Amino acid sequence: MEQRLATLIGNAVRAARQRLELTQADVAERVGIATEVYGRLERGHMLPSVRTLRKLCLVLNCSSDVLLGMAGVEGAPTLAEDPPEYRERPEVRRLLRTVRKLDAPRLRLLGQVANALET
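What comes next is a walk through the structure. (Residues numbered from 1 in each chain as written. Predicted model: local features only at pLDDT ≥ 70, side-chain atom pairs only at ≥ 80, totals over all residues. Heavy atoms only, no water.)

This brings us to the overall build of the chain. Helix and strand counts for the chain stand at 7 helices and 0 strands. Its helices and strands taken in sequence order, the chain reads α-α-α-α-α-α-α from the N to the C terminus. Considering only intrachain contacts with a sequence separation of at least 6, the fraction spanning at least 24 residues in the chain is 56%. For the chain, the accessible area works out to roughly 8,000 Å², and carbon and sulfur atoms hold 56% of it. (Helix = DSSP H or I, 4+ residues; strand = E, 2+ residues; numbered from the N terminus. Contact = heavy atoms within 4.5 Å. Areas by Shrake-Rupley, 256 points an atom, 1.4 Å probe, with all protein chains shown as cover.)

Following this line, the structure appears as structure tokens:
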């Protein structure tokens, strides 16, 4: 029973993620779990905690009924619209993840490069 449920949730989470054109790293970052953990969840190798399931519903903009296989995507209620920062193109999201890891001098240098490219 647990394995079937884990597979069901994993497939639903993957479909919702792909519908939103998010990467596994995007979802993992927003949910607050490691990308590797999210990958195991999506492959059906583990069940999420209730707290993680709730965060997945919020991030993927779908109800728990959909993720638990109790409702289809079309008939399921959706949650509030994504915040503006979640609407970025995948390339921009990946770049932002990289930029967040930079130290102050490199961040200033990147800002100068970006300003130079803008003109």
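Next comes the rest of the account.
Let us look at the nonpolar core. Val13, Val27, Tyr38, Leu56, Leu60, Cys62 and Leu67 are the most contacted members of the largest nonpolar core, which totals 18 residues. Among the elements of the structure, helix H1 (2-19), helix H2 (24-31), helix H3 (35-42), helix H4 (50-60) and helix H5 (64-67) are those that each provide at least two residues to this core. Ignoring anything within four residues of it in the chain, the contact list for Val13 reads Tyr38, Leu41, Glu42, Leu56, Leu60 and Leu67. (Core = buried A, V, L, I, M, F, W, Y, C linked by side-chain atoms within 4.5 Å. Buried < 20%, exposed > 50% of the residue type's maximum accessible area, 1.4 Å probe, protein only.)

The next point concerns the environment of Arg51. Of note, Arg51 is situated in helix H4. The exposed category is assigned to Arg51, whose relative accessible area is 65%. Residues Arg51 and Val31, 20 residues apart in the sequence, show an inter-C-alpha distance of 9.6 Å.

Attention now goes to H2. Every buried residue of H2 is accounted for by Asp26, Val27, Ala28, Arg30 and Val31. Turning to H2, the residues buried within the fold contact H1, H3, H4 and helix H6 (90-100). With its phi angle positive at about 90 degrees, Gly32 sits one or two positions after the end of H2.

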